[in-house]
Every structure is written in C-alpha cells, then in structure tokens.
Amino acid sequence: MYSTFEHTADIGLDVRAESRETLFAEAASGLLSILVEDPETVRPEQEVTISVSGNDLEYLLFDWLDELLFRFETSQLLLCEYDVRFHAEGITVSARGETFQSDRHRLAHEVKAITYHQLTVQQTAKGWQARFIVDI
C-alpha cells in the first residue's frame, strides 16, 4: 500500500508493507503512479532482471527507484510487476512491463529525480514502512 503527499514542488510517497520485499515492490508501484496517470494501462509484456547492490536499506531503496527512473528515461520502459529478492549483496528483481506507448499511457508527471530528502526505511510493529520524495 502506498499514498502520495504534496511537498512544495515535489511529490512524496509513504509506503507500508508486511515484508521488505513487498515494501520495495510497493515503492516501485508508487513511483509508477507518479509517472503515468493510470498504472493499470501498463502491461507485463516483457521481463527484465535488475540487480542493485547495497546493505543500507535507505540507500538500497533510493538506488532501486533511481534505476527504475533511469530505465524509463533511457529506454521508455515502464515496469508494473516486481518480484523482489534480498540477498547478502543487495536485491535482485524480476520485473515486468512494457515500453511507453503514447496512445495508451498518459504521463502524469515528469519526474526529474529521486531525492534523499526525508528518505526513510524502517521496520515497525506492523511490518515495514518507507518514505521518499521525488523531484518533479
């Protein structure tokens, strides 16, 4: 589950999940919802494997989201399904999606960057939560 919040000229996301894996998948879904008006229009037609190294969960989340943004900016790849696996070196994600199609996908915001401002990842009594802000 994720929700957005306004932050000056930026958009923030609060994410909650029962596991770290689900938290990282939900954070990616939240980013997709900022990029396109209707994330349901993105089809899981092609699969990619993404590996991100790191042990600090906040930096790992940042690098994961930054990688998704990089793939959209360079290849117009929108990803909508994520199987996240943690390991000693970081995460490996099998992600599915498709190339941006202007006739089916309406851009919601131009995301310039993921920021470190208010970036948090923490375990709570009810699971995991994260917060991050994207520069639009």
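As the structure is a prediction and not an experimental result, all values here were calculated from the model. (Residues numbered from 1 in each chain as written. Predicted model: local features only at pLDDT ≥ 70, side-chain atom pairs only at ≥ 80, totals over all residues. Heavy atoms only, no water.)

K.L.:
Tell me about the overall build of the protein chain, and name the residues and values.
P.N.:
Scanning the protein chain for helices and strands turns up 2 helices and 8 strands. Listed by position from the N terminus, the elements making up the protein chain come as β-β-α-β-α-β-β-β-β-β. In terms of overall dimensions, the protein chain is globule-like: its C-alpha atoms have a radius of gyration of 14 Å, near the 14 Å expected for 136 residues. In terms of overall dimensions, the protein chain has a C-alpha envelope of 45 × 35 × 25 Å along the principal axes. Of the contacts made within the protein chain by residues no fewer than 6 positions apart, 65% connect residues no fewer than 24 positions apart. Of the roughly 7200 Å² of accessible surface on the protein chain, 44% is carried by carbon and sulfur atoms. (Helix = DSSP H or I, 4+ residues; strand = E, 2+ residues; numbered from the N terminus. Rg over C-alpha atoms; globule rule 2.2 N^0.38 Å. Contact = heavy atoms within 4.5 Å. Areas by Shrake-Rupley, 256 points an atom, 1.4 Å probe, with all protein chains shown as cover.)

K.L.:
If you had to explain the nonpolar core to someone new, which residues and values would you point to?
P.N.:
Phe24, Leu61, Trp64, Leu65, Tyr82, Ile91 and Phe132 are the most contacted members of the largest nonpolar core, which totals 46 residues. Among the elements of the structure, β2 (10-17), α1 (20-35), β3 (46-53), α2 (57-75), β4 (77-87), β5 (90-99) and β8 (127-135) are those that each provide at least two residues to this core. Residues contacting tryptophan 64, with those up to four places away along its chain left out, are Phe24, Ala28, Ile50, Val52, Tyr82, Ile91 and Val93. (Core = buried A, V, L, I, M, F, W, Y, C linked by side-chain atoms within 4.5 Å. Buried < 20%, exposed > 50% of the residue type's maximum accessible area, 1.4 Å probe, protein only.)

K.L.:
Mind laying out α1, listing which residues take part and the relevant values?
P.N.:
Taking 1.5 Å of rise per residue, 16 residues should cover 22 Å, and α1 covers 23 Å from first to last C-alpha, within 8% of that figure. Most of α1 sits inside the fold, with 12 of its 16 residues counted as buried. All of the buried residues along α1 are Leu23, Phe24, Ala25, Ala27, Ala28, Ser29, Gly30, Leu31, Leu32, Ser33, Ile34 and Leu35. (Expected span 1.5 Å × (residues − 1).)

K.L.:
Describe α2, and please don't skip the residues or the numbers.
P.N.:
In a regular helix each residue adds 1.5 Å, so 19 residues correspond to 27 Å; α2 covers 26 Å between its end C-alpha atoms and thus fits that length. All of the buried residues along α2 are Leu57, Leu60, Leu61, Phe62, Trp64, Leu65, Leu68, Leu69 and Phe72. Once α2 finishes, glutamine 76 follows within two positions and takes phi at roughly 60 degrees, a positive value.

K.L.:
Break down the packing of aromatic side chains for me, citing the residues and quoting the values.
P.N.:
If you walk through the whole model with that rule in mind, you get 5 aromatic pairs. Relative to phenylalanine 100, the ring of phenylalanine 72 lies with its centre 6.4 Å away and its plane at 80 degrees, an arrangement referred to as edge-to-face. Highlighted residues: phenylalanine 72 in helix α2 and phenylalanine 100 in the loop between β5 and β6 (113-114), separated in sequence by 28 residues. Clustering of aromatic rings is evident, with ring pairs tying together Tyr59, Phe62 and Tyr116. Sitting over the face of the ring of phenylalanine 86, arginine 20 holds its NZ or CZ atom 4.0 Å from the ring centroid. (Phe/Tyr/Trp six-rings, centres within 6.5 Å; stacked < 30°, edge-to-face > 60°. Lys NZ or Arg CZ within 6 Å of the ring centre and 35° of its normal.)

K.L.:
Give a description of the environment of asparagine 55 that names residues and reports values.
P.N.:
Structurally, asparagine 55 can be placed in the loop between β3 and α2. Here asparagine 55 falls in the exposed class, since its relative accessible area comes to 63%. Separated by 12 residues in the primary sequence, asparagine 55 and arginine 43 have C-alpha atoms spaced 31 Å apart.

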